[in-house]
Amino acid sequence: MERDSFLYKARRQCQVIAHKIMPDEVMCKFYSRILLKKKVDLKNPQTFNEKIQWLKIHDYPTNQLVIDGADKYKVRKYVEDKGLGKILVPLIGDWEKPEDIDWDKLPNKFVLKCNHGCAYNILCNDKKTFDRDDAIRKLHKWMKEDFGAFNIETHYSHIIPHITCEEFLGECIIDYKFFCFNGEPKYIYVSSDLVHDRQAQIGFFYLDGTKMPLIRDDYAPMDIEELPSFFEEMKKAAEILCKDFPFVRVDFFLANGTFYFAELTFTPSAAMMSLNPASYDAEWGKLLNIDELMNQYESR
């Protein structure tokens, strides 16, 4: 659905209103019933989606490490502190509001991002044809949004909106995303975003590059002929970055014959990820141990 369409905007507005008047747990159950076509148990979570939903309701909103990790500006310091600054996309500038941007000093190609949500990106591959006014309008709109209210991902709600400008590294980006459970990468999915008339693609793989019998019905399937030569280095970076979290998806993308850090994702698909076959929801749930966090919450 196009982000500027009437239906998209109306749905977003309804989500924000519902978030203000209904408890988070109620809304999580409601959204899951619609998207996953089943009830979720948030008192005794067992599946992957249930456990991530429990975390996003009870732990993430007050977990500063998660909040900073989800912040696409502050996470850069986290990556640097882990000794991985070399895999960060070079930063051109950062600002608190669109009016602070000195457009004339930006290079011919660049990428603008807001730090407090997902898909807040503006690509410029030629300043001569770049619509600056439209970019400013989008930035103003995005910075007013509470991204955390849309799908009950309220750790995003605690992020102070900020604008960053990074080097432009290409349009057709291949992502390698490591699903990490209790400090250990277990699976990857490789994805390619929608480009022109081609549908966005996803393929799930084991760490040796073998394809998993798992698909997302909302994406076209994707295959890879072989893992990139720097895969082990990328996996090691994922191992370092995931150690502090019960679950995190560590995302990288490939460009210029190497890999770069993209982001840390704590709630893939807002913890309403439809997996086919559905048995993987239960299988992944067994890999994620949140017993200690649940006990700490119950003892408060």
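In every chain, residue numbers begin from 1 and rise along the written sequence. Residues qualify for local features only when their pLDDT is at least 70, as the model is predicted, and side-chain atom pairs are given and counted only at 80 or more; totals for whole chains, interfaces and linings, by contrast, use all residues. Here the side-chain values reflect all heavy atoms present in the structure, with hydrogen atoms and water set aside.

## Details of the sheet that holds strand E9 (residues 247-255)
Where strands meet in a sheet, backbone hydrogen bonds hold them as pairs that are either parallel or antiparallel. Judged by pairing direction, the sheet is mixed, and its 6 strands sit side by side in the order E8-E7-E6-E5-E9-E10 without closing on themselves. Bordering the open sheet on either side are strand E8 (220-221) and strand E10 (258-265), each of which pairs with just one other strand. The pairing of E9 with E10 spans 7 bridges and is classified as antiparallel. Each bridged residue has a counterpart across the sheet, and for Ala255 the counterpart in E10 is Thr258. Note on definitions: a residue-residue contact is assigned when non-hydrogen atoms from the two residues lie within 4.5 Å. Structural elements are reduced to axes, namely lines fitted to C-alpha atoms, with helices fitted over the stretch in contact, and the angle between N-to-C directions of any two is expressed from 0 to 180 degrees. By definition, any uninterrupted DSSP run of H or I lasting at least four residues is a helix, any uninterrupted run of E lasting at least two residues is a strand, and each is numbered from the N terminus. In the packing of helix H7 (residues 231-242) onto the sheet, contacts are made with strand E5 (174-181), strand E6 (184-192), E9 and E10, and the angle to E9 comes to roughly 145°. Where helix H8 (residues 279-287) meets the sheet, it contacts E5, E6 and strand E7 (201-206), and its direction lies at approximately 140° from that of E6. In short, DSSP must find at least two bridges between two strands for them to pair.

## Here's the deal with the pairing of E7
Strand residues, when the strand is regular, have side chains that alternate between the two faces of the sheet. Bridging between E6 and E7 involves 6 bridges; their strand directions are antiparallel. Each residue of the ladder has a partner; that of Ser191, found in E7, is Ile202. Pairing between E7 and E8: 2 bridges, direction parallel. Bridged to Ile202 within E8 is Pro221.

## Observations regarding the environment of Arg11
Relative to the assigned elements, Arg11 resides in helix H1 (residues 6-21). On the basis of relative accessibility, which here comes to 37%, the residue Arg11 falls in the partly exposed class. The sequence separation of Arg11 and Pro161 amounts to 150 residues, and the corresponding C-alpha distance is 22 Å. Classification of residues uses two cut-offs on accessible area relative to the type maximum, computed with a 1.4 Å probe and protein chains only: under 20% is buried, over 50% is exposed, and between them is partly exposed.

## Looking at the side chain of Thr154
By the element assignment, Thr154 lies in the loop between helix H6 (132-144) and strand E4 (163-166). Residues contacting Thr154, with those up to four places away along its chain left out, are His19, Asp24, Lys56, Pro61 and Gly148.

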